[in-house]
Amino acid sequence: MTSSTTMPGDRPIPTGVQLTALDPAFREDPYPILKDMRERAPIHHDTELGRWIFTRHRDVNDILRNPNFVSDPRKANSGTFSAEFLMRDKDAEPSMLLMDDPGHRRLRELVRRPFAPNAVEAWRPRTREIARRTVAAIEDGEFDLIDRVANPVPTVVIAELLGIDSSKHEQFKTWSGQMIKVAFTPVVDPADLATAQLAQENMMEFFREEIELRRRKPGDDLISHMVHTVKDGDRLSDNEIVSQCDLLLLAGNLTTTDLIGNGTMALLRHPDQQAKLRKRPELMKKAVDEVLRYDSPVTNSGRIVHEDTTFDGITIPRGESLSVSLAAANRDPAVHADPDRFDIERENTSLQSFGGGTHYCLGSHLSRMEAQETFAALLDRFPSLSFGTGGHEYAANPSFRGMNYFWVEGKA
Ligand code: HEM
């Protein structure tokens, strides 16, 4: 196996921005490009953005779970993707996503409990209410699924979990949208960066006030949990709580919105599967997992090499940045038979969409549960659901895959 931008064969291997949602072809449909990469250059040195890209399931799976690869961007060599693009504000408190043990373990331990499966199940009835109320408010006819359903449901759920007043929900979505626009991306418009910085400051200020309120009057919400949890005499500082709230919003809002949008797209493009799900609602859990595999809301995760490591004869030195394509791994035929087929009865035992190892997504149960309840509400409300005339647009957010708008038509 070789690694290079000029593999043998007549077509050059795509690289740099071409392998991100900033490129129009990749944005619309990354899968043929990722398939080609997996077949011709499964370990690809993207010298433009300073990262090694892995597209095979077995490599992605190993890298995510191997403690020899770390996450703190301060351990990456300068000029690499992790060092340059992951932590723009070097003075900010890093969220757990960008920390290593023991700091990572400590934070995760202090935040983890409300995300456990049983805690999430306790939220299911409330989530069902939110999803049903949201779709009940939509008239028959054409509507933008992102604006009317996929955006509001996760925003309201996470805001309620954090214990945020409902009058602030819209503000929340705006802040996270502005911040996500410049997160994990190599190309940033200075105006977007300034807007995102202001959003971040406003959000931090807002959370500081919320923390103060909870300190005086604890409630049954996630911020109160973070303020009052003490483990072996240890507790989170205010800055740490703010940073985790930031991550929960950023990691939890957009991704679940994208899961609902991508899932609806898959169901409309595969009417036989939509019909099957309507007839057999007990398939809902499997259907959501299949959406996660087929069109993952997070397309990439990353790690940093801690000790020189050799893959297929290629030695990658310490400090280099690795980018693992979750989207490509999820469609690797070595693991998933007929991977481009959307099949809601598929047994997805090796899903990469939530990453892996110690950083495995904390919100995996929550986002699945939200999507299950939202699809159920949507299909019940509209016995006929099809494409609208307004089309769709995929967002130019590297590392994520989702839509800015998606017009559908619902009929009772
Ligand atoms: C469909 C929805 C979601 C997807 C596809 C997703 C995906 C991911 C991925 C790929 C990672 C990185 C894992 C790694 O590198 O090994 C991650 C981490 C994380 N996610 Fe999610 N996520 C989703 C929803 C959520 C939600 C709803 C929340 C919380 C409200 C959340 C909270 C987190 C946190 C806190 C981390 C960092 C965990 C750590 O570093 O230990 N995610 N997620």
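Residues numbered from 1 in each chain as written. Predicted model: local features only at pLDDT ≥ 70, side-chain atom pairs only at ≥ 80, totals over all residues.

*Asks:* With reference to specific residues and values, describe the overall build of the chain.
*Replies:* Along the backbone of the chain there are 17 helices and ten strands. A compact globule built from 412 residues would reach a C-alpha radius of gyration of about 22 Å, and the chain, at 21 Å, matches this within 12%. With respect to the principal axes defined by its C-alpha atoms, the chain has extents near 55 × 55 × 40 Å. Relative to its 412 residues, the chain shows a buried fraction of 46%. (Helix = DSSP H or I, 4+ residues; strand = E, 2+ residues; numbered from the N terminus. Rg over C-alpha atoms; globule rule 2.2 N^0.38 Å. Buried ≥ 20, exposed ≤ 12 C-beta atoms within 10 Å, placed from the backbone.)

*Asks:* Describe the confidence of the model for the chain, naming the residues involved and giving the relevant values.
*Replies:* If pLDDT is low for a region, its predicted coordinates should not be looked at in detail. With 97% of its residues at a pLDDT of 70 or more, the chain has an overall mean of 92. With pLDDT under 50 throughout, residues 1-7 is counted as low confidence; its partners more than four residues away or in other chains account for 20 contacts. (pLDDT = per-residue confidence, 0-100. Contact = placed C-beta atoms within 7 Å.)

*Asks:* I'd like to hear about the environment of phenylalanine 406, residue by residue, with values.
*Replies:* Relative to the assigned elements, phenylalanine 406 resides in strand β10 (residues 403-411). Those residues within four positions of phenylalanine 406 in sequence are excluded, and the remaining contacts are Asp144, Leu145, Ile146, Gly261, Thr264, Met265 and His392.

*Asks:* Outline the packing of helix α10 (residues 169-180) against helix α13 (residues 238-269), listing residues and values.
*Replies:* Here α10 crosses α13 at 95 degrees, and the two axes come no closer than 10 Å. Our classification of the angle between α10 and α13 gives roughly perpendicular. In contact with Phe172, Lys173, Ser176, Met179 and Ile180 of α10, α13 contributes Leu249, Leu250, Asn253 and Leu254. Grouping the constituent residues of the contact of α10 with α13 by class yields six nonpolar, two polar and one charged. (Axes fitted to C-alpha atoms, helices over the stretch in contact; angles between N-to-C directions. Parallel < 35°, antiparallel > 145°, perpendicular 65-115°, else oblique. Nonpolar A, V, L, I, M, F, W, Y, C, P; charged D, E, K, R; others polar.)

*Asks:* I'd like to hear about the site of the ligand, residue by residue, with values.
*Replies:* Near the ligand there are 27 residues, and of these Gly252, Thr255, Gly355, Cys361 and Gly363 occur at the shortest range. Listed by contribution, the elements that provide at least two residues to the shell around the ligand are α13 and α17 (364-381). In terms of residue count, α13 provides more of the shell around the ligand than any other element does, seven residues in total. Within the shell around the ligand, the residues separate by chemical class into 15 nonpolar, eleven polar and one charged. (Near = placed C-beta within 6 Å.)

*Asks:* Hey, could you go over the sheet that holds strand β4 (residues 141-144) for me, with residue numbers and the actual values?
*Replies:* In spatial order, the strands read β4-β10-β9; together these three strands make up an open sheet with antiparallel pairing. Lying at the two open borders of the sheet, with one neighbouring strand each, are β4 and β9 (384-394). Ignoring strand direction, the axes of neighbouring strands in this sheet form an average angle of 20 degrees. Pairing geometry for β9 and β10, over seven bridges, is antiparallel. Looking at the pairing, phenylalanine 387 lines up with valine 408 of β10. Along the sheet face, α13 touches β9 and β10 and points at about 50 degrees away from the line of β10. (Pairing = 2+ DSSP bridges.)

*Asks:* Can you tell me about the environment of leucine 86, naming the residues and giving the values?
*Replies:* Examined against the element boundaries, leucine 86 turns out to sit in the loop between α4 (81-85) and α5 (103-111). Judged by the 21 C-beta atoms lying within 10 Å of it, leucine 86 is buried. Separated by 57 residues in the primary sequence, leucine 86 and aspartate 29 place their C-alpha atoms 25 Å from one another. Beyond its immediate chain neighbours, meaning those up to four positions away, leucine 86 contacts Pro73, Leu98 and Phe184.

*Asks:* I'd like a description of the sheet that holds strand β1 (residues 43-46), backed by residues and values.
*Replies:* On the basis of which strands lie adjacent, the open sheet formed by five strands has the order β1-β2-β8-β5-β3 and mixed pairing. This sheet does not close on itself; its edge strands, each paired only once, are β1 and β3 (69-70). Taken together, the five bridges between strand β5 (residues 300-305) and strand β8 (residues 321-325) define a ladder with antiparallel strand orientation. Within the sheet, the bridge partner assigned to glycine 302 lies in β8 and is serine 323. Strand contacts of helix α3 (residues 57-65): β2 (51-54), β3, β5 and β8, with the helix running at about 130 degrees to β8, the strand carrying the most contacts.

*Asks:* Can you lay out the nonpolar core for me, pointing to particular residues and giving the numbers?
*Replies:* With 96 residues, the main nonpolar core has Phe54, Val153, Leu162, Met226 and Cys245 as its most contacted residues. In terms of residue count, α13 provides more of this core than any other element does, twelve residues in total. Beyond its immediate chain neighbours, meaning those up to four positions away, phenylalanine 54 contacts Pro42, Ile43, Asp59, Val60, Ile63, Leu322, Val324 and Ser325. (Core = buried A, V, L, I, M, F, W, Y, C linked by C-beta atoms within 7 Å.)

*Asks:* Outline the pairing of β1, listing residues and values.
*Replies:* As defined by bridge partners, β1 adjoins β2 across four bridges and the pair is classed as antiparallel. Residue pairing across strands places histidine 45 opposite tryptophan 52, the latter belonging to β2. Counted along the chain from β1 to the antiparallel partner β2, the turn is four residues long, and its residue glycine 50 has a positive phi close to 65 degrees.

*Asks:* Now, about the pairing of β10: what can you tell me, with residues and values included?
*Replies:* Taken together, the four bridges between β4 and β10 define a ladder with antiparallel strand orientation. Paired with phenylalanine 143 across the bridge in β10 is valine 408.

*Asks:* Tell me about α5, and name the residues and values.
*Replies:* Restricting attention to buried positions, one finds in α5 the residues His104, Leu107, Leu110 and Val111. Angular distribution of buried residues about the axis of α5 spans 140 degrees; they occupy a single face of the element. Contacts made by the buried residues of α5 are with α12 (222-228) and α13. (Arc of directions from axis to C-beta.)

*Asks:* Quick rundown of unusual backbone geometry? Include the residues and the values.
*Replies:* For the peptide bond that leads from aspartate 101 to proline 102, omega is 10 degrees, which places it in the cis range. Structurally, proline 102 can be placed in the loop between α4 and α5. Within the chain, aspartate 232 stands out as a residue other than glycine whose phi angle is a positive 50 degrees. One non-glycine residue, aspartate 312, adopts positive backbone phi at about 45 degrees. Relative to the helices and strands, aspartate 312 is located in the loop between β6 (309-311) and β7 (314-316).

*Asks:* Could you give an account of α10, naming the residues involved and the relevant values?
*Replies:* In this model α10 runs 17 Å from its N-terminal to its C-terminal C-alpha over twelve residues, within 8% of the 16 Å that 1.5 Å per residue would give. Buried residues of α10: Lys173, Trp175, Ser176, Gly177, Met179 and Ile180, and no others. The inward-facing, buried residues of α10 abut α9 (152-162), α11 (190-216) and α13. (Expected span 1.5 Å × (residues − 1).)

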